[in-house]
Amino acid sequence: MQIIGESSWNFVLKNEFEKTYFQKLMGFVSDEYQNNETSIFPSRENVFRAFEACPFEHVKVVILGQDPYPTKGHAHGLCFSIEEDVKPFPKSLVNIFKEIESDLNQPIPANGSLVRWAKQGVLLLNTVLTVKEGQAGSHMNKGWEQFTDAVIQILSDQKEDIVYLLWGSKAQEKGKNIDSVKNCVLTSVHPSPLSSYRGFFGCKHFSKTNEYLISKGSTPIVW
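Residues numbered from 1 in each chain as written. Predicted model: local features only at pLDDT ≥ 70, side-chain atom pairs only at ≥ 80, totals over all residues. Heavy atoms only, no water.

(A) Looking closely at the packing of aromatic side chains. On inspection of all chains with the given rule, the structure shows 20 aromatic pairs. Seen from their ring centres, F48 and F51 are 6.3 Å apart, and the 50 degrees between their planes marks the pair as tilted. What makes F48 buried here is its relative accessible area of 9%. On the basis of relative accessible area, F51 is assigned to the buried category, the value being 0%. Geometrically, the ring pair formed by F48 and W144 is edge-to-face, given 5.8 Å between the ring centres and 65 degrees between the ring planes. With F48 in the loop between β1 (40-41) and α4 (49-53) and W144 in helix α7 (residues 144-158), the pair connects residues that are 96 residues apart, well separated along the chain. Residue F48 shares its accessibility class with W144, and that shared class is buried. Taken together, W9, F17, Y21, F22, F48, F51, F56, W144 and F147 form an aromatic cluster joined through their ring pairs. Here K159 stacks its cationic end above the ring of F56, 5.3 Å away from the centre of that ring. (Phe/Tyr/Trp six-rings, centres within 6.5 Å; stacked < 30°, edge-to-face > 60°. Buried < 20%, exposed > 50% of the residue type's maximum accessible area, 1.4 Å probe, protein only. Helix = DSSP H or I, 4+ residues; strand = E, 2+ residues; numbered from the N terminus. Lys NZ or Arg CZ within 6 Å of the ring centre and 35° of its normal.)

(B) Structural context of the sheet that holds strand β3 (residues 122-126). A sheet is described by the order of its strands in space; here 4 strands give the open sequence β3-β2-β5-β6, paired in parallel fashion. Edge strands, defined here as strands with exactly one partner in the open sheet, are β3 and β6 (184-188). Taken pair by pair, the neighbouring strands of this sheet meet at an average axis angle of 20 degrees, ignoring direction. With 3 bridges connecting them, strand β2 (residues 61-65) and strand β5 (residues 163-167) associate as parallel partners. Looking across to β5, one finds that V62 is bridged to Y164. Relative to β3, α7 is tilted by about 150 degrees, and along the sheet it contacts β2, β3 and β5. Contacts from helix α9 (residues 205-215) reach β2, β5 and β6 within the one sheet, and its direction differs from that of β5 by about 160 degrees. (Pairing = 2+ DSSP bridges. Axes fitted to C-alpha atoms, helices over the stretch in contact; angles between N-to-C directions. Contact = heavy atoms within 4.5 Å.)

(C) Representation of helix α3 (residues 20-36) within the structure. Relative to the 24 Å expected for 17 residues at 1.5 Å per residue, α3 spans 24 Å between its end C-alpha atoms, a close match to the ideal helical length. Along α3, the residues that are buried comprise Y21, F22, L25, V29, E32 and Y33. An end-on view of α3 places all buried positions within 105 degrees of arc, on one side of the element. Those residues of α3 that are exposed and angled more than 90 degrees off the buried face are T20, K24, Q34 and N35. The inward-facing, buried residues of α3 contact α2 (14-17), β1, β4 (131-132) and α7. (Expected span 1.5 Å × (residues − 1). Arc of directions from axis to C-beta.)

(D) Molecular detail of the pattern of salt bridges. Applying the stated rule across the entire model yields 6 salt bridges. Of the charged contacts, one joins K19 and E16 as a salt bridge, the two residues approaching to 3.1 Å between their closest N and O atoms. For K19, a relative accessible area of 38% corresponds to the partly exposed category. E16 gets classed as buried once you look at its relative accessible area, which sits at 8%. (Salt bridge = Lys/Arg side-chain N within 4 Å of Asp/Glu carboxyl O.)

By themselves these figures say nothing about function.
Right, here's the structure in full:
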């Protein structure tokens with residue numbers, strides 16, 4: 001079953017696509033788009049964009065988000081990322097860029113698209129892949145969580161030397177089954193303005209990620 005427009009992920013997830021919960025999930029998502037096409041985010045063609053932008057064999061870093069931005073024009077399938085022409089940046093993304101600026105002494109970029117990260121092997125995975133406009137969490141408990149749990153489990157089982165960046169309690173709970181012996185798991189509070197000053201700022205996750213990748217003979221990420 002060709003669900004994701006990228007062959008390596010379709011292969012490793014083929015058994016998941018055949019499960020009853022996933023079939024029900026796809027039915028729910030299809031109905032939501034059919035009934036509310038312009039108010040379900042991201043657009044239908046971008047639901048699996050995180051996978052399409054970062055093939056399975058290229059994954060070096062995983063960043064876990066929650067659900068897509070519920071603001072029209074923001075979500076495009078990669079957690080924390082926005083399209084290049086979107087201004088102003090969402091506050092969590094601003095804080096991510098501030099930490100990179102502090103950690104690596106590099107300027108805040110001109111646009112908020114993180115596609116450039118994905119192309120280098122960063123899987124920008126939301127826990128829930130769709131949302132209704134203005135209603136954060138509206139597509140929770142429909143099956144997406146089980147699907148993304150499976151994605152993380154498959155990555156942990158089949159690959160090693162991946163850096164997992166788990167920001168906030170929800171991401172940390174999501175990553176509880178990651179094998180921390182054969183991977184690097186970095187945790188902090190969420191970059192949201194509500195929590196960033198309690199440990200996200202100063203976490204130095206971006207330099208730590210690159211130090212780990214280099215130690216394993218892998219190319220560091222240009223953040």
